[in-house]
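Fold and contact review
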Amino acid sequence: MQNQNKGFLYFICAVSAMGGLLFGYDWVVIGGAKPFYELYFNIGDSPFLQGLAMSTALVGCLVGAMVAGAAADKYGRKPLLTTAAVLFTVSAVATGLFNDFTLFNIARFIGGMGIGVASALSPMYIAEVSPASIRGRMVSLNQMTIVLGILAAQIVNMLLARDTGVAENQTWNVAWGWRWMFWAETLPAALFLVMSFFIPESPVYLSLKRKVEGGKRNRETSSTESAEQAKPLSSFLYLLSSKKYRKVLCLGLIIAVFQQWCGTNVIFNYAQEIFVGAGFDVDGMFINIVITGIANVIFTIVALYTIERWGRRTLILLGAGGLGLIYLTLGTCYFLEVKGVVMVVLVVAAISVYAMTLGPVTWTLLAEIFPNRIRGIAMATCTFALWVGCCTLTFSFPSMNAALGSSGTFWIYSAICLCAFIFLFHSCPETKGKSLEQLEQELVG
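Heads up: these notes are all about the structure in this document. Keep in mind it's a predicted model, so treat the numbers as computed, not measured. (Residues numbered from 1 in each chain as written. Predicted model: local features only at pLDDT ≥ 70, side-chain atom pairs only at ≥ 80, totals over all residues. Heavy atoms only, no water.)

Focus on the overall build of the protein
Check the secondary structure of the protein and you find 19 helices and zero strands. Classification of the 445 residues of the protein by burial places 57% in the buried group. Considering only intrachain contacts with a sequence separation of at least 6, the fraction spanning at least 24 residues in the protein is 82%. Accessible area for the protein stands at about 18,000 Å²; split by element, carbon and sulfur atoms hold 68% of it. (Helix = DSSP H or I, 4+ residues; strand = E, 2+ residues; numbered from the N terminus. Buried < 20%, exposed > 50% of the residue type's maximum accessible area, 1.4 Å probe, protein only. Contact = heavy atoms within 4.5 Å. Areas by Shrake-Rupley, 256 points an atom, 1.4 Å probe, with all protein chains shown as cover.)

Here you go:
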């Protein structure tokens, strides 16, 4: 690859991966703003309204992810990335601007739609513009920006949340602090919007469009694809009704849901409960959250180098098996009431394993395993399933933790991981170094 072309490839992949940065930031920032906007909107005594404020963005994710597939196949990948940037920018400004709780939730819903669109489109676009030899590394760049966005939100929240023990600072936090946490997203969102106009359309989409419009026939197109060229670009009903794609779709759905139900994200969403249960006070809890965030970034960087060397199949099996064993140990430690640094080591180990395996590999596999003509709608369907998994995981953890205790909860996550290991060992292909056309022939025929 010529240096000029390689530089341009890195540029367009980096622009697309900005969707991941905003995805990570928007997803996490509300956690730091939560104590202050709840006081501002006077919802501290209403668990329902508290849950509503935390959930509206997740609902937006579901809508955005599902709409993204059909829209990307109809209008192209590039316009959808621009749309995601618009949604992020509008949400960042409006969430901090509105003084009405209903409008606040509408703004969060808009931001959630941006997350849904970006989470489906960014890895897919990167996979379609990248050569097979570095495609895994390029798609993993999207996961890298997600974890950087998470870390950025944690740092912004920490810097803006002034000492709540001082009365005047508490007043500022309630009046303005939470607003600036959301407004801080405006700059990268606006930059993403501007830069999205300078990237090209995906060559895969352009090729599909030419086929549908009766244009040139791609020399690598199979006879089966030729018979399907008269059909419109993929639709959800066609995807579900086609026996040809059923097996690969089931694989993608299971991988997507497992990335959430492996249990790692509860550590981010419920860090307070987990670390307090391990015997830490509030100060220790925040220090440990920063430690997990740093580990998340470091081992995502490791994934950038291992995904092309070790392969996707090896990493996803390592993730499922490794997390299964870590959670089995973690649950046992909770059962035996082990406290202190041992628990931190186990939690950091879980984050590290996830960051170098299931975190990036899931998005890479989802972007690779589907044939060109259904990739848009299939990727959106799997992303929708992933966010359903995220919602159910987030909502079920408090009830599971109350009913089973931390030990029982992590034992359940361990069992899920070990069952997934068995399934993936028999069903997950190796996609390293193979062109998208070659993978289509191997997985669909």
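Quick notes on unusual backbone geometry
For Asn-42, which is not glycine, the phi dihedral falls at a positive 60°. Locating Asn-42 in the fold gives a position in the loop between helix 1 (3–40) and helix 2 (47–75). Even without being a glycine, Glu-337 presents a positive backbone phi close to 60°. As for its position among the elements, Glu-337 is in the loop between helix 15 (312–335) and helix 16 (341–356). Judged by its relative accessible area of 63%, Glu-337 falls in the exposed class.

Topic: a nonpolar patch on the surface
On the surface, Leu-325, Leu-328, Phe-335, Leu-336 and Trp-411 cluster together into a nonpolar patch covering about 530 Å² of accessible area. In terms of residues, the nonpolar patch owes the most to one element, helix 15, which gives three residues. You can see Trp-411 is positioned in helix 18 (residues 375–427). Trp-411 gets classed as partly exposed once you look at its relative accessible area, which sits at 33%. (Patch = residues over 30% accessible without salt bridge, like charges linked within 9 Å, V, L, I, M, F, W, Y side chains within 5 Å. Salt bridge = Lys/Arg side-chain N within 4 Å of Asp/Glu carboxyl O.)

Quick notes on the pattern of salt bridges
Within this structure, the stated rule accounts for nine salt bridges. Glu-442 serves as the salt-bridge partner of Lys-434, at 3.0 Å between the closest nitrogen and oxygen. Classification of Glu-442 by relative accessible area gives partly exposed; the value is 45%. Salt bridges here are not isolated pairs; linked through shared partners, they connect Asp-73, Arg-77, Glu-128 and Arg-375.

Examining the environment of Phe-41
Structurally, the position occupied by Phe-41 is in the loop between helix 1 and helix 2. Remark: the alpha-carbon pair of Phe-41 and Val-174, spanning 133 residues in sequence, is separated by 9.3 Å. Aside from chain neighbours lying at most four places away, what touches Phe-41 is Phe-98, Asn-99, Asp-100, Phe-101, Phe-104 and Trp-178.

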